[in-house]
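# Summary of the model geometry
The residues making up each chain are set out below.
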Amino acid sequence: MEKTMTLSSFKIKLADVCIGIIYVAPLLVVLGPNFSYISSIIIISLSIILWRSHRFFRILPVFIFFSGQLMLPGDISAYRVFTFLLFLKLLYLKKPSIEKKHLLPLIITLLYGVAVVLYFDVTLSFIIIFEIVLILLYISMFIRKNFHEFFTYYVTGAVISCVFGWMMQERAINALISIDNEWVEVSRFLGSLPDPNYFGFFINIAIFSIILLNIFKNTQIKIVILILLYVSLFATLSITGILCNLLLLGIYFILSDQVKKKYVLTMLLVGTFLLLNVNTIANADYPVVSDVAKRIQSQLSFGETKDFSSLTSDRTDIWIIHFDYYLQQPVHKILFGGNYLTDYGFESKFKTVSHQAYIDMLLNFGLIGTLLMLFFFFHMALYYFKKFKIESNDKYLLLFIIKVIWVFYAFGLSMFPTWGFNLFFFL
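Residues numbered from 1 in each chain as written. Predicted model: local features only at pLDDT ≥ 70, side-chain atom pairs only at ≥ 80, totals over all residues. Heavy atoms only, no water.

## A few points about the overall build of the protein
This is how it is decided: Under the scheme used here, helices are H or I runs from DSSP no shorter than 4 residues and strands are E runs no shorter than 2 residues, and both carry numbers assigned from the N terminus. Categorising residues by exposure relies on relative accessible area from a 1.4 Å probe, with only protein chains included: less than 20% of the type maximum marks a residue as buried, more than 50% marks it as exposed, and the intermediate range marks it as partly exposed. It only takes one pair of heavy atoms within 4.5 Å for two residues to be counted as in contact. For the accessible areas, the method is Shrake-Rupley and the probe is 1.4 Å, while residue cover comes only from the protein chains on display.
Check the secondary structure of the protein and you find 19 helices and eight strands. Here the protein, with 427 residues, has 53% of them falling under the buried criterion. Restricting to contacts in the protein with at least 6 residues of sequence separation, those with at least 24 account for 70%. Within the structure as shown, the protein displays about 20,800 Å² of accessible surface, and the carbon and sulfur contribution to it stands at 67%.

Right under this line is the structure:
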């Protein structure tokens, strides 16, 4: 039985206090780099204390947003230590299991880790295999049975990530954008993640978790958190993130019976007004809003140097180079892959990752492996869509929307084998 302490008229469980401290602890890093050690020691110590409790499973979402900043003395990753504890916890439970539908993509990933990555990087091969198995166990044994609980803490992690980003404004990227052949400097928000597009992926999921799930009973709190997340999303100046959010809102408006037409009309009118006045807003000095307007103006302006490649931040050039390389390979490599091209490292014949998950898949898994992986993915997406239409359960609409987010971002990001992206690919 868990101990409780009484504070006025409230009974607070000590385990919940520990969880609260764990989620706030990353903010200590704001005080200086050395506080990463203190924060990590607090998180791992409390994780060990909570290891026998069901609440231990709630800790993982914080590492989606803070795996990079949290280091123990000796520069040992707190995330690595926690995942080892999590793996032991999952094995400790009765009958650890992986869902049958996950076996196909699991086998493909395991074969790739052993047959390809092992040759280039033994440690990374182990990490890929370990994290995939861990993710699938976590999905099967916790998320499926505690869906709202997981996303409650996922949103909490997203909020802390935003607060961290605003407190650490020096982490923002100062980028130059071209507007009618003139270079203009803007600031791009990162939250606690290393890339504004990565941040946009995870924040979009958090936004629709709040919209679709009854996470917050208090409407005022819900609105305040949504405003924080939306301001942070727009501050990334990520056109990918903003367009993805608009697409998702359109899907939500079409599929959800709870949306009133007057809200849709209001948003359309406001959006049209802002778009028509983008130049005026860009030339003003409004925090965040003016930088967003400049970024949109940059994408809409066509000067002498403006082409499709610049519209996609030069990604299309990389796509063409990598896809051409894929087509020029021997037939067995076209069909079965075998290249080493991951977020964590790649062989010397590649200068960078593809910045597109689908091309990375073709190079790594081949045509057959890619088709099997995508068959699993779209089969799951269709299943969630059908379940939502039959049951009108917003849980399934959220799962379908997460699949749409992954598909959308996969056109502009490399995602394999980063475990946060894999978590939502397999979910």
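## Overview of helix α6 (residues 122-143)
What counts is decided by this rule: To estimate the expected span of a helix, subtract one from its residue number and multiply by 1.5 Å. Between N or O atoms, a polar contact is any pair within 3.5 Å; within protein, one atom must be a potential hydrogen donor and the other a potential acceptor, and residues adjacent in sequence are included only when both atoms are from side chains.
In this model, α6 (22 residues) spans 30 Å end to end at C-alpha, consistent with the 32 Å of a helix rising 1.5 Å per residue. Counted residue by residue, α6 has 17 buried out of 22 residues, so it is predominantly covered. Among the residues of α6, the N-terminal cap falls to D121, whose side-chain oxygen and the backbone nitrogen of T123 are separated by 3.2 Å.

## Remarks on the packing of aromatic side chains
What counts, and what does not: Planes of paired rings set the category: under 30 degrees apart is stacked, over 60 is edge-to-face and the rest tilted, where pairs are Phe, Tyr or Trp rings (Trp by its six-membered ring) whose centres lie within 6.5 Å. A ring is scored as having a charge over it whenever the NZ atom of a lysine or the CZ atom of an arginine sits within 6 Å of its centre and within 35 degrees of its normal.
One pass over the structure, following the stated rule, counts 51 aromatic pairs. Relative to F120, the ring of Y119 lies with its centre 5.0 Å away and its plane at 85 degrees, an arrangement referred to as edge-to-face. Here F201 and F202 contribute two aromatic rings whose centre-to-centre distance is 4.9 Å and whose plane-to-plane angle is 80 degrees, an arrangement assigned as edge-to-face. Residue class for F201 comes out buried when judged on its relative accessible area of 0%. The cationic tip of K89 hangs over the ring face of W51; the distance from NZ or CZ to the ring centre is 5.6 Å.

## Quick notes on the environment of G241
Tracing the backbone shows G241 in helix α10 (residues 239-255). Separated by 44 residues in sequence, G241 and N197 have C-alpha atoms that sit 6.7 Å apart. Those residues within four positions of G241 in sequence are excluded, and the remaining contacts are N204, L233 and Y409.

## Details of the packing of helix α18 (residues 394-410) against helix α19 (residues 419-426)
A pair of packed helices is captured by two measures, namely the crossing angle of their axes and the spacing between those axes. Filter applied, for reference: All axes are obtained by fitting lines to C-alpha atoms, using only the stretch in contact for helices, and the reported angles, taken between N-to-C directions, cover 0 to 180 degrees. When describing relative orientation, an angle under 35 degrees is termed roughly parallel and one over 145 degrees roughly antiparallel, while 65 to 115 degrees is termed roughly perpendicular and anything else oblique. Note on convention: near helix rotated counterclockwise from far helix by under a right angle means a left-handed crossing. Clockwise means right-handed.
Two elements in contact, α18 and α19, have axes separated by 9 Å at closest approach and are oriented at 130 degrees. Accordingly, the angle class assigned to the pair α18 and α19 is oblique. Crossing geometry of α18 relative to α19 is assigned as left-handed. Residues I402, K403 and W406 of α18 lie in contact with α19, whose contacting residues are F421, F424, F425 and F426.

## A few points about the nonpolar core
What counts here: We call a set of buried residues a nonpolar core when its members are Ala, Val, Leu, Ile, Met, Phe, Trp, Tyr or Cys and they connect through side-chain atoms within 4.5 Å of each other.
Counting residues in hydrophobic clusters, the biggest one holds 122 residues, and the most contacted among them are F63, F151, Y154, F201, F208, W406 and F424. Sort the elements by how many residues they give to this core and α6 lands first, with 13 residues. Other than its neighbours up to four places away in sequence, F424 contacts F151, Y154, F201, F202, I205, I402 and K403. Core analysis: the second largest hydrophobic core is formed by eight residues, W319, V353, I359 and L363 among them.

## Side note on the environment of L124
Along the chain, L124 falls in helix α6. As a C-alpha pair, L124 and G345 span 221 residues in sequence and 8.8 Å in three-dimensional space. Apart from the residues within four sequence positions on either side, L124 is in contact with V117, Y340, T342 and Y344.

## Quick word on the side chain of S39
By the element assignment, S39 lies in helix α2 (residues 35-49). Look at S39 and you get buried, because its relative accessible area is 0%. Within the local environment of S39, its side chain forms a polar contact with the backbone oxygen of A25, the two atoms lying 2.9 Å apart. Apart from the residues within four sequence positions on either side, S39 is in contact with A25, P26, L28, V29 and L70.

## Let's talk about the side chain of N364
Looking at the secondary structure, you find N364 in helix α17 (residues 357-391). Since its relative accessible area comes to 2%, N364 is described here as buried. For N364, the residues in contact, after removing those within four places along its chain, are Y112, F336, G337, G338, N339, Y340, L341 and F416.

## What to know about the packing of helix α8 (residues 196-212) against α18
Our working definition: Each residue is assigned to one of three groups, with Ala, Val, Leu, Ile, Met, Phe, Trp, Tyr, Cys and Pro labelled nonpolar, Asp, Glu, Lys and Arg labelled charged, and all others, Gly among them, labelled polar.
Two elements in contact, α8 and α18, have axes whose closest approach is 10 Å; the angle formed by their N-to-C orientations is 165 degrees. By the angle between their axes, α8 is roughly antiparallel relative to α18. Two packed elements cross with a definite hand, and for α8 against α18 that hand is right-handed. Of the residues in α18, those touching α8 at N197, G200, F201, N204, I205, F208, S209 and L212 are D394, L397, L398, I401, I402, I405, W406 and Y409. Residues of the contact of α8 with α18, tallied by class, amount to 11 nonpolar, four polar and one charged.

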